[in-house]
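# Survey of secondary and tertiary structure
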Amino acid sequence: MAEGPDRSQSDGKPAADMYPKKILEYMEGFLISKTVFTSCELGVYDVLLGAERPLSAEEISQAVGASLDGTQRLLAACTGLQLLNAHTDNGQVLYSNTEQASMYLTRSSPLSLYQSIQYSSRTIYLCWHYLTDAIREGKNQYEKAFGVSSTDLFQALYRSDEEMVKFMQLMNSIWNICGKDVVTAFDLSPFKVICDLGGCSGALAKQCTSAYPECSVMIFDLPKVVRTSREHFVTEADQRISFHQGDFFKDPLPEADLYILARILHDWPDERCIELLSQVYKACRPGGAVLLVEALLNEDGSGPLTAQLYSLNMLVQTEGRERTAAQYTSLLAAAGFTNIQHRLTGKIYDAVLGHKETRD
């Protein structure tokens, strides 16, 4: 039996009873984000992890210092989001963490996204309030969101020591989860001396020294970032990780076999990217290479959705954009790099590798 005509298409008009499920889900997406942000901020998952048994809403509300009514509603929503398990015992509802909540939403977990969530809630979320203005004006929104000038991007990003530490904690949590995939997307074992430009907290440098025991990594970053990294993130036990202070747009780069630019180029317009890559090419030893770590867009711009949304975030927060592999290839070629390849990791971030030719 043939299927009947699609009522939404037959006369060119949508059916009166068509339900806009996707649109409603998108409209309410920010409600989900803030539920996750708030449950983390209150420490719900930490309390449940520490208790080592299911807890009632009353016990959780007392532990986090919140109203019982508000806590009950929050716990119900987190259960609906499959972040918590709900159990009934003698008519009382008890809550426990799901495996993913314990792994990624508790502060003590080595794979914790807690700091990333805090940065998203207290910085990125506020900037996105001005997304409409960012699209109209074509520039980031730090001045409206935080009252600071964005003439110098990193002065805006690191507008206080507290904000700088939060940003570094964000990058630390991301590379703890995604770092191994990007540093092993290509075999980097031939490169013994690695320079991680804008290496921030050193989390990616640690992934490199773990994956390639014979390499050493120099973190090149601004003096105050280097100071904070030494104080909070890189210990004396990390003997194969060293630091070099400077501004990679203004100061000479140290000589190395491989340069890693992880989530650096997406901050900048094409001309600044070529300027930086040219600096890298000049400093790179013959036969060396540069590894770009970025969220690659499909060549036709059709996705992935995460990269498309990240590109909007670059408009709201930086001077740059997300790009396709071909666009990064073009930037690398303009700086002199050849034999350029890219690899998709299947996760958020991908890898692009360009080489500097060996001297004849």
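On a predicted model such as this, the values are computed, not experimentally measured, just so you know.

## Here's the deal with the confidence of the model for the protein chain
When the pLDDT values of the protein chain are averaged, the result is 92; 95% of them are 70 or greater. Note that residues 1-8 has pLDDT below 50 and, in this model, 7 contacts with residues that lie over four places away or in other chains.

## Details of the packing of helix α14 (residues 270-283) against helix α16 (residues 325-334)
For the pair α14 and α16, interaxial distance at closest approach is 8 Å and the crossing angle is 50°. In terms of orientation, α14 lies oblique with respect to α16. Seen from above, α14 lies across α16 with right-handed handedness. For the pair formed by α14 and α16, the contact residues are D270, C273, I274 and L277 on the first element and L331, L332 and A334 on the second. Looking at side-chain class alone, the contact of α14 with α16 contains 6 nonpolar, no polar and 1 charged residues.

## With respect to the pattern of salt bridges
Under the criterion given, the structure shown has 16 salt bridges. Of the charged contacts, one joins R122 and E41 as a salt bridge, the two residues approaching to 3.3 Å between their closest N and O atoms. In this pair, R122 is assigned in helix α7 (residues 114-128) and E41 in helix α2 (residues 29-42), connecting sequence segments 81 residues apart. Exposure remark for E41: the relative accessible area of 39% places this residue in the partly exposed category.

## A closer look at α16
Within the span of α16, buried status applies to A325, Y328, L331 and L332. Buried residues of α16, viewed axially, fall in a sector of 120°; they line one side. The secondary structure elements touched by the buried residues of α16 are α14, β8 (284-294), β9 (338-343) and β10 (350-355). Directly beyond the C-terminal end of α16, a positive phi value near 110° is found at G336.

## Focus: the layout of surface pockets
As a volume, the second largest pocket reaches approximately 250 Å³. What lines the second largest pocket is simply R107, S109, P110, S112, Y114, Q115, Q169, N172, S173, N176 and F233. Of all elements in the fold, only α7 and α11 (161-183) reach the threshold of two or more residues within the lining of the second largest pocket. In terms of residue count, the dominant contributor to the lining of the second largest pocket is α11 (4 residues). Split into classes, the residues belonging to the lining of the second largest pocket amount to 3 nonpolar, 7 polar and 1 charged.

## Structural notes on a nonpolar patch on the surface
A cluster of nonpolar side chains, contributed by F30, L31, Y125 and L126, occupies part of the molecular surface with about 350 Å² of accessible area. Secondary-structure elements contributing two or more residues to the nonpolar patch are α2 and α7. You can see F30 is positioned in helix α2. Given a relative accessible area of 45%, F30 falls into the partly exposed group.

## Digging into unusual backbone geometry
Note the cis peptide between G303 and P304, where omega equals -10°. Along the chain, P304 turns up in the loop between β8 and α15 (305-317). Positive phi, normally seen in glycine, also occurs at E52, with a value near 60°. Here E52 shows up in the loop between α3 (44-51) and β1 (55-56). We classify E52 as exposed; its relative accessible area is 74%. Even without glycine at this site, N90 takes up a positive phi of about 55°. Looking at where N90 falls in the secondary structure, it is placed in the loop between β2 (84-89) and β3 (92-97). Assessed through its relative accessible area of 79%, N90 is described here as exposed.

Parameters at a glance
- Residues numbered from 1 in each chain as written.
- Predicted model: local features only at pLDDT ≥ 70, side-chain atom pairs only at ≥ 80, totals over all residues.
- Heavy atoms only, no water.
- pLDDT = per-residue confidence, 0-100.
- Contact = heavy atoms within 4.5 Å.
- Axes fitted to C-alpha atoms, helices over the stretch in contact; angles between N-to-C directions.
- Helix = DSSP H or I, 4+ residues; strand = E, 2+ residues; numbered from the N terminus.
- Parallel < 35°, antiparallel > 145°, perpendicular 65-115°, else oblique.
- Left-handed = near helix turned anticlockwise from the far one by under 90°.
- Nonpolar A, V, L, I, M, F, W, Y, C, P; charged D, E, K, R; others polar.
- Salt bridge = Lys/Arg side-chain N within 4 Å of Asp/Glu carboxyl O.
- Buried < 20%, exposed > 50% of the residue type's maximum accessible area, 1.4 Å probe, protein only.
- Arc of directions from axis to C-beta.
- 1 Å grid on protein atoms, 1.4 Å probe; cavity = no way out; pocket = protein on both sides within 12 Å on 5 of 7 lines; lining within 4 Å.
- Points joined across faces, edges and corners; volume = space filled by probe spheres on them.
- Patch = residues over 30% accessible without salt bridge, like charges linked within 9 Å, V, L, I, M, F, W, Y side chains within 5 Å.
- Areas by Shrake-Rupley, 256 points an atom, 1.4 Å probe, with all protein chains shown as cover.

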